[in-house]
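Structural features, examined
In case you want the letters, here they are:
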Amino acid sequence: MTDGDRRNLITTSRELRRLRRRTVSAIINQLHGFDAHEEFSDLLEEAKKEYGLTRLGLFDIDLILWDFKTGLPAAILEVKSRYQLQESDGYAMFDEPQFTFLEDFSSYIGAPAYYIVKTRTKWLVWKVERGLAIRRELADGRKIVLLPLEKAKRYSPRGMVRFIRELVGR
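The structure contained in this document is the topic of the report that follows. Remember, it's a predicted structure, so these values are computed and weren't measured experimentally. (Residues numbered from 1 in each chain as written. Predicted model: local features only at pLDDT ≥ 70, side-chain atom pairs only at ≥ 80, totals over all residues. Heavy atoms only, no water.)

1. Some words on the sheet that holds strand β2 (residues 72-81)
Here 5 strands make up an open sheet; going across it, the order is β1-β2-β5-β6-β9 and the pairing mixed. Looking at the sheet topology across the chains shown, the edges are occupied by β1 (63-67) and β9 (153-155). For this sheet, the mean inter-axis angle between neighbouring strands, taken without regard to orientation, is 30°. The pairing of strand β5 (residues 113-118) with strand β6 (residues 123-127) spans 5 bridges and is antiparallel. (Pairing = 2+ DSSP bridges. Helix = DSSP H or I, 4+ residues; strand = E, 2+ residues; numbered from the N terminus. Axes fitted to C-alpha atoms, helices over the stretch in contact; angles between N-to-C directions.)

2. What about a negative patch on the surface?
A cluster of acidic residues, Asp35, Glu38, Glu39, Asp42, Glu46 and Glu50, forms a negative patch on the protein surface. Relative to the assigned elements, Asp35 resides in helix α2 (residues 14-51). (Patch = residues over 30% accessible without salt bridge, like charges linked within 9 Å, V, L, I, M, F, W, Y side chains within 5 Å. Areas by Shrake-Rupley, 256 points an atom, 1.4 Å probe, with all protein chains shown as cover. Salt bridge = Lys/Arg side-chain N within 4 Å of Asp/Glu carboxyl O. Lys, Arg positive; Asp, Glu negative; His and termini not counted. Charge placed at Lys NZ, Arg CZ, Asp CG, Glu CD.)

3. Structural notes on α2
Under the 1.5 Å per step criterion, the end-to-end length of α2 is 55 Å for 38 residues, consistent within 8% with the ideal 56 Å. Phi for Gly52, located one or two positions after α2, is positive at around 65°. (Expected span 1.5 Å × (residues − 1).)

4. As for the environment of Glu50
For Glu50, the position within the fold is in helix α2. Glu50 sits in the exposed class, given a relative accessible area of 53%. There is a polar contact of 3.3 Å between the side chain of Glu50 and the side chain of Tyr51. (Buried < 20%, exposed > 50% of the residue type's maximum accessible area, 1.4 Å probe, protein only. Polar contact = N/O pair within 3.5 Å; in protein donor to acceptor, adjacent residues only side chain to side chain.)

5. With respect to the packing of aromatic side chains
Considering all chains together, one arrives at 7 aromatic pairs under this definition. Considering the side-chain rings of Phe59 and Phe101, the 4.7 Å spacing of their centres and the 5° angle between planes classify their relative orientation as stacked. Within this pair, whereas Phe59 is found in the loop between α2 and β1, its partner Phe101 is found in helix α3 (residues 96-109), the two being separated by 42 residues in sequence. For Phe101, a relative accessible area of 21% corresponds to the partly exposed category. (Phe/Tyr/Trp six-rings, centres within 6.5 Å; stacked < 30°, edge-to-face > 60°.)

6. Examining a positive patch on the surface
On the surface, Arg14, Arg17, Arg18, Arg20, Arg21 and Arg22 cluster together into a positively charged patch. Tracing the chain through its elements places Arg18 in helix α2. A relative accessible area of 40% places Arg18 in the partly exposed class.

7. Digging into the pattern of salt bridges
Enumeration according to the criterion identifies 7 salt bridges in this entry. Glu96 is paired through a salt bridge with Arg135; the nearest N and O atoms lie 3.1 Å apart. With a gap of 39 residues between them, Glu96 in helix α3 and Arg135 in strand β7 (residues 134-137) connect regions that are remote in the sequence. Given the relative accessible area of 36%, Arg135 is considered partly exposed. Notably, a salt bridge pairs Asp104 with Arg130, separated by 3.0 Å at the nearest N-O pair. Of this pair, Asp104 sits in helix α3 while Arg130 sits in the loop between β6 and β7, and the two are 26 residues apart along the sequence. Judged by relative accessible area, Asp104 falls into the partly exposed class, the value being 41%. A cluster of three or more residues bridged by salt bridges with shared partners is formed by Glu96, Glu103, Asp104, Arg130 and Arg135.

Given below as structure tokens:
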């Protein structure tokens, strides 16, 4: 069997074609979701300008870990990849308005919030709490928080399984 024959077997497989279509469809759905979020954000900005709505902000929450036994949220999770992690002199840098929102929202609903970053080999976890972040304003006016890398708990994938179990107290 030649390389060309092997390639034809792969590209003509019905299951692989179906998997490829489902993958492309999932990517397209994600892109449409991003587009809808961006458009809604633009509409909010337009409403704020047109009607003087200064008290509104728009934030997304990546994940809410829900405990079906208690009927309550167990944790609020902001999950980042290592590609989204910006490190600066021993600190991880995140968006300040989002951090402040997570602090306030966590307090309001009574569930802890966490920043979770997936690196190549481990998971970094910070519990969002007052006093953890160093707040800064950049020259371009953006506000950031710096979270000390030394205060991040480090977990292996197996350790993350135990961390999740601990969040629901079992």
